[in-house]
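Structure assessment
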Amino acid sequence: MSRTYCTSQLGRTISHQGKEYLHFSGTSYFGMGTLPEFKELLIQGIHIHGPNHGSSRNSNVQLPVYEQFESRFAAGSGSEDAVLLSSGYMAGQLALHTLRPLADLVWTAPDTHPAIAIDNQRPEGLSHRQWQEKCIAKSLELIGQKILLLSNAVNPLLPEVYDFAWTKQLSPANDYFLLIDDSHAFGLLGPGIFGTHAQWKELPVNLMVAGSLGKALALPAGIIIGSHSLVDLVRKNPGYRTASPPAPAFLHAFLEGQNCYLKQKETLQRNMQQLFGALNGLRGFHFLPNYPVVTFDREDWVEQLHREGFVLSSFPYPLPDSPAVNRIVLSAWHLPADLEALVAALKKLPEHG
């Protein structure tokens, strides 16, 4: 059964009906919201820039922190340019609407997030690998086509991280655009904390990466990164020109808090090593060595772990009548003792007792 827990602030523990639970849910992979240094930088940013900037980015009154952030993110991701939006969904939609008119055909990977997907175009019943093989085979039948490929960088529900080196096998008789949603990759995948763009920028495609910065990086914003020419098309879009940008204090905290992010990433990596090492040999759990999510199928385990004092991620997705997706989500806010307690509880589950 899926439970709902109400709390005033997310952290390593949650109080529910008078009991304290260890929190293994959500998307705060770096646990930035509980880091005092990060909160201080946010407060500092409010003092410098104010709490909000509700004007268009094309206004005649400008806050330089936006361009500073975009330049830093472009450099960190190995891209030519970057543009900020107020949410990841908006960034994905704007990236999609920018690239779609440039393409003759659109090929969408299974389970692609709705932010960058076209309704009713996601294939059913295919794995990502099968979709890749279909794309390669179809490309060999075509000549002179402009083809837009849409995919997540990672499926955090399985979990599964995708390798896009397969695009080298596409027929060179066509031109390709590749749009990747990095929402659950920023901070976690690729070098540093800037996502996967640097990994894939040499592929034989016109690459654009978009996504939410609100997961590991804890910024209520979205971003699009890519070549000068493609990002310039985004900046000319009315959807960008008429929209308000994200709150500037968070951008200040990011720019001044790079060491905080790197410290939290190191802590998360240690937590993954501890938990995943302890899970070796336990049946029923699915995880990757370098991604902070553990999935399992047994929904009754969620209830048993609730009784043991753990809040896990378990709710129907993506539709209200979909089966519950059951996950243990790791964060940098977890302490070694938290992970020891979790492993002890996992070993008590029916198939491990």
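Structural notes, computed from the coordinates. Keep in mind that this is a model prediction, so the values were computed, not measured.

**Concerning the environment of N155**
In this fold, N155 is placed in strand 6 (residues 154–155). Under the relative-accessibility criterion, N155 is labelled buried at 5%. The spatial distance from the C-alpha of N155 to the C-alpha of A117 is 14 Å, given a sequence separation of 38 residues. Not counting residues up to four positions away in its chain, the partners in contact with N155 are D111, E160 and Y162. For N155, the side chain forms a polar contact with the main-chain nitrogen of L157, separated by 2.9 Å.

**Comments concerning the packing of aromatic side chains**
Scanning all chains against the criterion turns up 19 aromatic pairs. Between the aromatic rings of F69 and F73, the centroid separation amounts to 5.7 Å while the plane-to-plane angle is 20°, which identifies the pairing as stacked. In this pair, F69 and F73 are both assigned in helix 2 (residues 65–77), four residues apart and thus about one turn of the helix distant. A relative accessible area of 0% means that F69 is categorised as buried. Accessibility expressed as a relative area gives 0% for F73, which makes it buried. Centre to centre, the rings of F73 and F186 are 5.6 Å apart; their planes meet at 80°, and the pair counts as edge-to-face. Residue F73 is found in helix 2, and its partner F186 is found in the loop between strand 8 (175–181) and helix 5 (197–200); the two are separated by 113 residues along the sequence. F186 carries the same exposure label as F73, and that label is buried. Ring pairs connect the aromatic residues F30, F38, F69, F73, F186, F194, F254 and Y261, which therefore count as one cluster.

**Considerations on the sheet that holds strand 5 (residues 146–152)**
Strand order in this open sheet of six strands is 3-10-9-8-5-4, and the pairing throughout is mixed. Taken across any chain shown, the strands that pair with only one partner, and hence form the sheet edges, are strand 3 (81–85) and strand 4 (105–108). Going across the sheet, the axis of each strand differs from the next one's by a mean of 15°, ignoring polarity. Both strand 3 and strand 10 (residues 222–226) contribute to a ladder of five bridges, which runs antiparallel. Along strand 10, the bridge assignment pairs V83 with I224. Along the sheet, helix 2 contacts strand 3 and strand 10; its crossing angle with strand 3, the most-contacted strand, is approximately 130°. Relative to the sheet, helix 3 (residues 88–99) contacts strand 3, strand 5, strand 8, strand 9 (206–212) and strand 10, its axis offset from that of strand 9 by approximately 155°.

**Re helix 2**
End to end, helix 2 covers 18 Å across 13 residues, agreeing with the expected 18 Å (1.5 Å per residue, within 8%). Looking only at helix 2, the buried set comprises V65, Y66, F69, E70, F73, A74 and S77. Mapping the buried residues of helix 2 onto a view down its axis gives an arc of 165°, with all of them on the same face. For helix 2, the exposed residues lying more than 90 degrees away from the buried face are E67, S71 and A75. The inward-facing, buried residues of helix 2 contact helix 1 (36–49), strand 3, helix 5, strand 10, helix 6 (228–236) and helix 8 (248–256). Looking one or two places after helix 2, you find G78, whose phi comes out positive at around 75°.

Thresholds applied
- Residues numbered from 1 in each chain as written.
- Predicted model: local features only at pLDDT ≥ 70, side-chain atom pairs only at ≥ 80, totals over all residues.
- Heavy atoms only, no water.
- Helix = DSSP H or I, 4+ residues; strand = E, 2+ residues; numbered from the N terminus.
- Buried < 20%, exposed > 50% of the residue type's maximum accessible area, 1.4 Å probe, protein only.
- Contact = heavy atoms within 4.5 Å.
- Polar contact = N/O pair within 3.5 Å; in protein donor to acceptor, adjacent residues only side chain to side chain.
- Phe/Tyr/Trp six-rings, centres within 6.5 Å; stacked < 30°, edge-to-face > 60°.
- Pairing = 2+ DSSP bridges.
- Axes fitted to C-alpha atoms, helices over the stretch in contact; angles between N-to-C directions.
- Expected span 1.5 Å × (residues − 1).
- Arc of directions from axis to C-beta.

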